[in-house]
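The lines below spell out each chain.
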Amino acid sequence: MAELLRFHTIRPPERLNSSVNYKVDTQKVTPDDTLIVNITDEKSDYARTFYFNGKDVASKDSIHFKVTKIIEGIDLEWSGAKPTLIPEPVIIDLKPEWFKMGYYVYVVAMKFKKENYFYIGMTGDRKHKTARSPFYRMSGHFSLLESSTQNQVIKGIRRNFEVGTDIEKILGEMKFTYYAYMITPFDKADTSNHDANRKHAESIESSLIHKMKDGFGSQFVFNKNQSTKNFNKVDAIAQELMIDVKQRIKSKVSN
């Protein structure tokens, strides 16, 4: 399903109760699409957005609307198809496994203009004996605050694409997928191995960063540094992680 945009700037008639007709091209709309028509008045602050179900307009070459000058401003009437009263919602399903605590190594895969970009991270707190799921990292990754120390995804986008203040436009054109691998579960009742578990995940993270830079090119990996250089013992794990990410990305493309 795709959203197809149409933009129309109207010029309402000067005389009261007189009308002007406009046409909206619908030739490329399919039944699975949503047609979005944005209408603005060049002489006033009138601005409206209308949503049409693709199945209602796909069989037509065009639909039309009539703008009539009235005392209160303008009246707009559609013909050929009627707009829906509400748009399709953006549905975000939060799954139970997203909240499972553990020492994770995760890969943020970003698709932008047919290129793949990556950021690699891990969970396991250095200051406190806890290890939350990567879900809680996501809000920090997308913070637009310059002072944030967690928004490495945003910093990577700004650095790689030379984005100024209009970073929301870039974000609206990117697709993000998180691949989170639980290396060790977190047990609240026994945190005696916290440091060892955290360092183990950190070593895998560092090895994976190294391998991803070699495998995909350092310009496509947002991580600037590795947290540790002592990762030879976990190279086999990192290699399997990278292979798995590659296969999943390839599978998504083929599907």
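Quick note: structure is the one above.
Residues numbered from 1 in each chain as written. Predicted model: local features only at pLDDT ≥ 70, side-chain atom pairs only at ≥ 80, totals over all residues. Heavy atoms only, no water.

Structural notes on the overall build of the chain
Across its full length, the chain holds six helices and nine strands. Taking 255 residues into account, the globule formula puts the C-alpha radius of gyration at 18 Å, and the chain, at 25 Å, lies well above it. Projected onto the principal axes, the alpha-carbon positions of the chain cover approximately 80 × 40 × 40 Å. Counting only residues that meet the buried cut, the chain has 40% of its 255 residues in that class. (Helix = DSSP H or I, 4+ residues; strand = E, 2+ residues; numbered from the N terminus. Rg over C-alpha atoms; globule rule 2.2 N^0.38 Å. Buried < 20%, exposed > 50% of the residue type's maximum accessible area, 1.4 Å probe, protein only.)

Quick word on the pairing of strand E5 (residues 62–70)
As judged from the seven bridges shared by strand E2 (residues 19–25) and E5, these two strands associate in the antiparallel manner. Looking at E5, one finds that tyrosine 22 is bridged to phenylalanine 65. In textbook terms, the turn of a hairpin is the stretch between consecutive antiparallel strands, and for E5 and strand E6 (residues 73–79) this stretch comprises two residues. (Pairing = 2+ DSSP bridges.)

Remarks on the nonpolar core
Formed by 24 residues in total, the largest nonpolar core has its most connected members in Val105, Val107, Phe118, Ile120, Leu208 and Met212. At the level of secondary structure, the elements contributing two or more residues to this core comprise strand E7 (102–112), strand E8 (115–122), strand E9 (175–185), helix H5 (194–216) and helix H6 (235–254). With residues up to four places along the chain from it excluded, the contact list for isoleucine 120 reads Val105, Tyr106, Val107, Glu205, Leu208, Ile209, Met212, Val221 and Asn223. By size, the runner-up hydrophobic cluster in this structure holds 18 residues, among which are Val29, Tyr46, Phe50 and Ile74. (Core = buried A, V, L, I, M, F, W, Y, C linked by side-chain atoms within 4.5 Å. Contact = heavy atoms within 4.5 Å.)

Quick notes on unusual backbone geometry
Residues other than glycine seldom take positive phi values, yet asparagine 17 does so here, at roughly 70 degrees. Phi at lysine 114 takes a positive value of approximately 70 degrees, unusual for a residue other than glycine. Structurally, lysine 114 is set in the loop between E7 and E8.

Some words on the sheet that holds E6
Within the open sheet, the three strands sit side by side as E2-E5-E6. Their pairing is antiparallel. Across the chains shown, the open sheet's two edge strands, defined by having one partner strand only, are E2 and E6. When the angles between neighbouring strand axes are averaged without regard to direction, this sheet yields 25 degrees. Here E5 pairs with E6 via seven bridges, running antiparallel. Residue pairing across strands places lysine 66 opposite glutamate 77, the latter belonging to E6. (Axes fitted to C-alpha atoms, helices over the stretch in contact; angles between N-to-C directions.)

A word on the packing of aromatic side chains
Evaluation of the coordinates by the stated rule reveals 16 aromatic pairs. Ring geometry for phenylalanine 65 versus tryptophan 78: centroids 5.0 Å apart, planes at 55 degrees, classification tilted. Placement of the pair is phenylalanine 65 in strand E5 and tryptophan 78 in strand E6, with a sequence separation of 13 residues. With respect to class, phenylalanine 65 is no different from tryptophan 78; both count as buried. (Phe/Tyr/Trp six-rings, centres within 6.5 Å; stacked < 30°, edge-to-face > 60°.)

Topic: the layout of surface pockets
Taken as a whole, the largest pocket encloses approximately 880 Å³ of empty space. Forming the boundary of the largest pocket are 30 residues, of which Tyr106, Tyr119, Met122, Arg137 and Thr149 lie nearest the centre. Of all elements in the fold, only E8, helix H2 (135–141), helix H3 (152–161) and H5 reach the threshold of two or more residues within the lining of the largest pocket. Of all the elements, E8 adds the most residues to the lining of the largest pocket, at four residues. A per-class count over the lining of the largest pocket returns eight nonpolar, 13 polar and nine charged. In this model, the second largest pocket occupies a volume close to 350 Å³. Lining the second largest pocket are Ile92, Lys95, Glu97, Trp98, Tyr104, Ser133, Pro134, Phe135, Met138, Tyr178 and Ala180. (1 Å grid on protein atoms, 1.4 Å probe; cavity = no way out; pocket = protein on both sides within 12 Å on 5 of 7 lines; lining within 4 Å. Points joined across faces, edges and corners; volume = space filled by probe spheres on them. Nonpolar A, V, L, I, M, F, W, Y, C, P; charged D, E, K, R; others polar.)

Some points on H3
All of the buried residues along H3 are Val153, Ile154, Gly156, Ile157, Arg158 and Phe161. Contacts made by the buried residues of H3 are with E7, E8, H2, helix H4 (167–171) and E9. Of the residues flanking the end of H3, it is glutamate 162, one or two places downstream, whose phi is positive at about 50 degrees.

A few points about the side chain of serine 133
With respect to the element layout, serine 133 can be found in the loop between E8 and H2. By relative accessible area, which is 1% here, serine 133 ends up buried. Once residues within four sequence positions are removed from consideration, serine 133 is found in contact with Trp98, Phe99, Lys100, Met101, Tyr104 and Thr123.

Some thoughts on the sheet that holds E7
The strand order E8-E7-E9 describes an open sheet built from three strands, whose pairing is antiparallel. Where the open sheet ends on each side, the last strands, each with one partner, are E8 and E9. With direction set aside, neighbouring strand axes in the sheet form an average angle of 15 degrees. Taken together, the ten bridges between E7 and E9 define a ladder with antiparallel strand orientation. Residue pairing for E9: valine 107 is matched across the bridge by tyrosine 179.

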